[in-house]
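Per-entry structural report
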Amino acid sequence: MVRVAVAEKSTFRDNVENLHSRMQQIEFEGYTFLAGPQIPQISPSNLPSPQNMLEDLLQFYIPPSIIPQLKKIPQLTLHLFAQLLIEYVDPDGQFLQYYTIGHQPNHLHYYLADQLGSGEFLCTTTYDYLLEEATKNRVHDMSTIHPVITQADYSDFAHPSEINGAKHLPIYKLRGSQLNIISGDYTIDSVGSQFNSHIHPFSTENRSKLSNYKKDLFHKLIKDKVLILTGFDDHDVHELSDILNDIPTVPAILWIQHSSNLDFIKIADLKEKENTAKHEDLVESKTLVMGEFLQQFQQNTHCEVLHLKCDLNTVNLGEILAVSKRNSSMNTSNFADLPLDSTNPSITIPFSEWITHVDPPMEYQKYKLATHLFEYFGDFSEALSCAKEGFYWENDTENPMFRALRKANFANMIGIFYRLLEDSESALDYLTQALEFTQQVDNLNSEGIILNSIGLLLMEQGNYTKAGEIFNKALVISEKTGNLANKSAVLTHLAQLAQDQEQYDQALDYLRKVYSIDIKIENLPGQAVDLSNLGVVHELMGNYHDALQCVGEALDIDLELGDLMSAISRINNLGAIYADLEDFDSAQEYYEKAIELAEKLHIISLKIVSKNNLGLLYHSQGKYEMAIELFQECLQLDGITQDQSNKSIHLNNIGLVYESLGQYSEAIEYFMESNTIDQEIKRYEGVATTFRNIALAYYHQEDFSQAIKYLERAIENLRNHKLHEHLPAFEKELTSIRDEMSNNEHDLT
């Protein structure tokens, strides 16, 4: 047996007393512990770090030529890799079985188990089972231990305060688990990702790395609590930010950072770090580190964040966190008699060696996984490159039928990526090849999916007749194969096609069929999207009351699901409908509600959208100064998000307000700045729009030659980038200005 060292009080007494003094000034009702991946690395548990495991998984599951590019993505975490690995290659999560070979908790696991037994809340982002093992050793009654893993578990423990009061011991596993080690249930689905493919299979919208039902319960767990983060460092900042970015305000956060061989305790208030870029703990890179993230979090939420730095291998957290005046249940037990044996480590085989015994992936699976990783992060160029390698990879021993299916799969992905990269010609070429390969093996299901992709491409090119023919072929196939997901996608695209051609009754018919499918398969998130889409069509038809009803029902579903991000979007939609009704007071009320909710959740992107909408409303009412003020606030927030596209939009909007004020020189300045950004980020539709706005500003000053010059540049830009749908309106304006200029010159002569 080994004793856990406790640092001498004389070494860190002042700092500990300072911490206790600060904590006594905070009004809170207890603690919620969030345990991170550093904890199981401590002896005798000795699990590898997520970074080392990720490195080994990359070597095993990704082609060597692609690994260097993937490693450049700072947001690539073990959890994200695990999600995609389970989705595309290893549905059983074989690699997670490594966590079953170690059974020795360390002193921190026991400390957290004791706090759980004292009535505190305990969450973890790790996949291991050592917290459960420590709790079993402490309470000796497995029936009281409840790993909360599946959606059903989260429903059962929806009222954590009541459950703790009943002496149940829930351990909330935020990142899921392969197994419920207590009940023996197989829970691999809790680890897999939950992509929203309702729009199309490569949409990155609404991909939540923490499911809504988990977020909702986590928010309950931290209400009026001090959140204690332990076991996290700079490597975990992106994963932690997914959990913390939209939480409601908590009384305080205490970040306990592990620092090896530190023989004293450092306690700092992040507010004291005026320039985090120069702080000693930061790394010299462009990636976000924990200190920067938590300081930014503190500034945005006004939540006090304290930073404690110590060697978690040796320090007794019970002594440091003993603030019994505030919380008499806080367990401060001595760890001298814990069953810890560092001479008998829990893990004896390195993960890099162990993983070689797992069923190896096929070569095409490696390329597919790499493709989806790049696609997930929106790097369509790298995704395209990976998909091409998978498409052109050849093996003489490959079964001809399997080869055709592989070629079809990769050609379809290549076509979609080319479409997203606005290379329609290449997209159609590869999608056509995909269709031919699919027809070789008579795979109707895949044929229907690829036809849907081709139809979408043709629709975006404005070839509505051919697109409609292709969609209808895909619809027939989906009905024949019973593929409801593809049928829903095809009907949604047919609705969009009808909407673009102002065939609104037909669009409503298609969308109602989609809604019926989602009701049949009990897809509540899909129903919310369907109702929202129905609301859009009703709004276009001038059926504003029907639009309000549809969007209102979508909002009700969002609130039922706890999907507050979607709820903010619906609230904004309701504001827009009221604006169409010229009920400006109601429109303003909804936009302000959206801003308030976005601020409460600390979702800057939706706060920007809502403020921009309110600014547009003020502009339409002639409240020009108020509109400019809101757009300027949006620009300040753009500085935080570093979103150049949004910045361009807000600069353009300010220019439009100045144009309405008759201050054309100021307007042109803002349009020019917006245009420069759009050219830099290659947002060509924005380039054309700002050129047009500049032209109209000159036109209002009766400078026809400059107006013609910039409209010609706008039209040239549209033609060069095949944005043909806007050409008729721009060309009509150009003709009108030329005629007016000609008439003026004629009058002068």
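Residues numbered from 1 in each chain as written. Predicted model: local features only at pLDDT ≥ 70, side-chain atom pairs only at ≥ 80, totals over all residues. Heavy atoms only, no water.

We now examine the overall build of the chain. Each helix and strand counted, the chain has 32 helices and eight strands in total. Every one of the 749 residues in the chain was classed for burial, and the buried ones make up 54%. Look at the contacts in the chain between residues 6 or more apart in sequence, and 71% of them connect residues 24 or more apart. Counting every atom, the chain has about 33,500 Å² of accessible surface; 46% of that belongs to carbon and sulfur. (Helix = DSSP H or I, 4+ residues; strand = E, 2+ residues; numbered from the N terminus. Buried < 20%, exposed > 50% of the residue type's maximum accessible area, 1.4 Å probe, protein only. Contact = heavy atoms within 4.5 Å. Areas by Shrake-Rupley, 256 points an atom, 1.4 Å probe, with all protein chains shown as cover.)

The next thing to look at is unusual backbone geometry. Note the cis peptide between Ser-43 and Pro-44, where omega equals 5°. Within the secondary structure, Pro-44 is located in the loop between β1 (31-35) and α2 (50-61). You will see that Asn-46, though not glycine, has its phi angle at about 60°, which is positive. Secondary-structure assignment places Asn-46 in the loop between β1 and α2. Phi at Lys-682 is positive, roughly 60°, even though this residue is not glycine.

Now for the environment of Gln-178. Mapped onto the elements of the fold, Gln-178 is located in the loop between β4 (169-173) and α9 (212-222). You can call Gln-178 buried: its relative accessible area is 4%. Along the primary structure Gln-178 and Tyr-99 are separated by 79 residues, whereas in three dimensions their C-alpha atoms are 9.3 Å apart. Aside from chain neighbours lying at most four places away, what touches Gln-178 is Asp-92, Gly-93, Gln-94, Leu-96, Gln-97, Tyr-129, Asp-185, Tyr-186, Thr-187, Ile-188 and Val-191. Polar side-chain contacts of Gln-178 include one of 3.0 Å to the backbone oxygen of Gly-93. (Polar contact = N/O pair within 3.5 Å; in protein donor to acceptor, adjacent residues only side chain to side chain.)

Packed helices, taken two at a time, are described by the angle between their axes plus the distance between the axes. Put simply, helix α15 (residues 380-392) and helix α17 (residues 424-440) touch, their axes get as near as 14 Å, and they point 35° apart. Crossing of α15 over α17 shows left-handed handedness. Facing Lys-388, Phe-391 and Tyr-392 of α15, the residues of α17 in contact are Tyr-430, Gln-433 and Phe-437. Looking at the contact of α15 with α17 residue by residue, the class counts come to four nonpolar, one polar and one charged. (Axes fitted to C-alpha atoms, helices over the stretch in contact; angles between N-to-C directions. Left-handed = near helix turned anticlockwise from the far one by under 90°. Nonpolar A, V, L, I, M, F, W, Y, C, P; charged D, E, K, R; others polar.)

Before going further, it helps to examine the packing of aromatic side chains. Taken as a whole, this structure holds 22 aromatic pairs when the rule is applied. On the basis of an interplanar angle of 80° and a centroid distance of 5.3 Å, the ring pair of Tyr-376 and Phe-377 is categorised as edge-to-face. By relative accessible area, which is 10% here, Tyr-376 ends up buried. The partly exposed category is assigned to Phe-377, whose relative accessible area is 25%. Plain terms: the ring middles of Tyr-658 and Tyr-670 are 5.6 Å apart, the flat faces sit at 15° to each other, and that makes the pair stacked. (Phe/Tyr/Trp six-rings, centres within 6.5 Å; stacked < 30°, edge-to-face > 60°.)

Our focus in this paragraph is the layout of surface pockets. The gaps of empty space that remain are located by a probe, the size of a water molecule, rolled over the atoms. Roughly 680 Å³ of volume is contained in the second largest pocket. Taken together, 36 residues form the lining of the second largest pocket, with Gln-51, Leu-54, Leu-76, Thr-77 and His-235 sitting closest to its centre. The element contributing the most residues to the lining of the second largest pocket is α2, with six residues. Taken together, the residues of the lining of the second largest pocket sort by class into 19 nonpolar, ten polar and seven charged. (1 Å grid on protein atoms, 1.4 Å probe; cavity = no way out; pocket = protein on both sides within 12 Å on 5 of 7 lines; lining within 4 Å. Points joined across faces, edges and corners; volume = space filled by probe spheres on them.)

On the secondary structure map, Ala-434 appears in helix α17. For Ala-434, a relative accessible area of 0% translates into the label buried. For the pair Ala-434 and Arg-406, spaced 28 residues apart in sequence, the C-alpha to C-alpha distance is 9.4 Å.

Turning our eyes to something else, we now look at the environment of Val-657. Within the element layout of this structure, Val-657 appears in helix α28 (residues 644-660). Look at Val-657 and you get buried, because its relative accessible area is 0%. It is 9.4 Å that separates the C-alpha atoms of Val-657 and Lys-623, two residues lying 34 residues apart in sequence. Beyond its immediate stretch of four places on either side in the chain, Val-657 contacts His-619, Tyr-624, Ala-627, Ile-628 and Phe-631.

Summarising burial for β4: five of the five residues are buried, a large majority. Across the two faces of β4 the burial is the same, with Leu-169, Ile-171 and Lys-173 and Pro-170 and Tyr-172 all buried. As defined by bridge partners, strand β2 (residues 121-124) adjoins β4 across three bridges and the pair is classed as parallel. For Cys-123, the partnering residue across the bridge sits in β4 and is Tyr-172. The sheet contact formed by strand β3 (residues 145-148) and β4 spans four bridges and is parallel. (Pairing = 2+ DSSP bridges.)

All right, on to the pattern of salt bridges then. One pass over the full model with this rule turns up 21 salt bridges. Close ionic contact of Lys-611 with Glu-633 constitutes a salt bridge, the shortest N to O distance being 2.6 Å. Here Lys-611 is found in helix α26 (residues 604-620), whereas its partner Glu-633 is found in helix α27 (residues 624-641), with 22 residues between them in sequence. (Salt bridge = Lys/Arg side-chain N within 4 Å of Asp/Glu carboxyl O.)

Chain-level statistics for the chain give a pLDDT mean of 85 and a share of 87% at 70 or above. Of all the helices and strands in the chain, strand β7 (residues 266-269) carries the lowest mean pLDDT, 62, while helix α21 (residues 504-520) carries the highest, 97. For residues 324-333, every residue scores under 50 in pLDDT, and the model assigns this stretch 27 contacts once sequence neighbours within four places are set aside. (pLDDT = per-residue confidence, 0-100.)

Bringing the side chain of Thr-144 into the picture now. Relative to the helices and strands, Thr-144 resides in the loop between α6 (130-139) and β3. Owing to a relative accessible area of 17%, Thr-144 belongs among the buried residues under this scheme. Setting aside chain neighbours within four positions, we find Thr-144 in contact with Val-139, Lys-167, His-168 and Leu-169.

An ideal rise of 1.5 Å per residue puts 26 Å on 18 residues; helix α25 (residues 584-601) measures up with 26 Å between its terminal C-alpha atoms. Residues of α25 that are buried: Ser-586, Ala-587, Gln-588, Tyr-590, Tyr-591, Ala-594, Ile-595, Leu-597, Ala-598 and Leu-601. Contact partners of the buried residues in α25: α24 (564-580) and α26. Phi turns positive one or two residues past the end of α25, at His-602, with a value near 60°. (Expected span 1.5 Å × (residues − 1).)

A word on the nonpolar core. One finds Ile-62 and Phe-81 to be the most contacted residues of the largest nonpolar core, which totals 95 residues. Not counting residues within four places of it along the chain, the set of residues in contact with Ile-62 comprises Leu-57, Ile-67, Leu-70, Phe-81, Lys-366, Leu-369, Ala-370 and Leu-373. Judged by nonpolar contacts, the second largest core, of 58 residues, contains Ile-603, Ala-688, Ala-697 and Ile-715. (Core = buried A, V, L, I, M, F, W, Y, C linked by side-chain atoms within 4.5 Å.)

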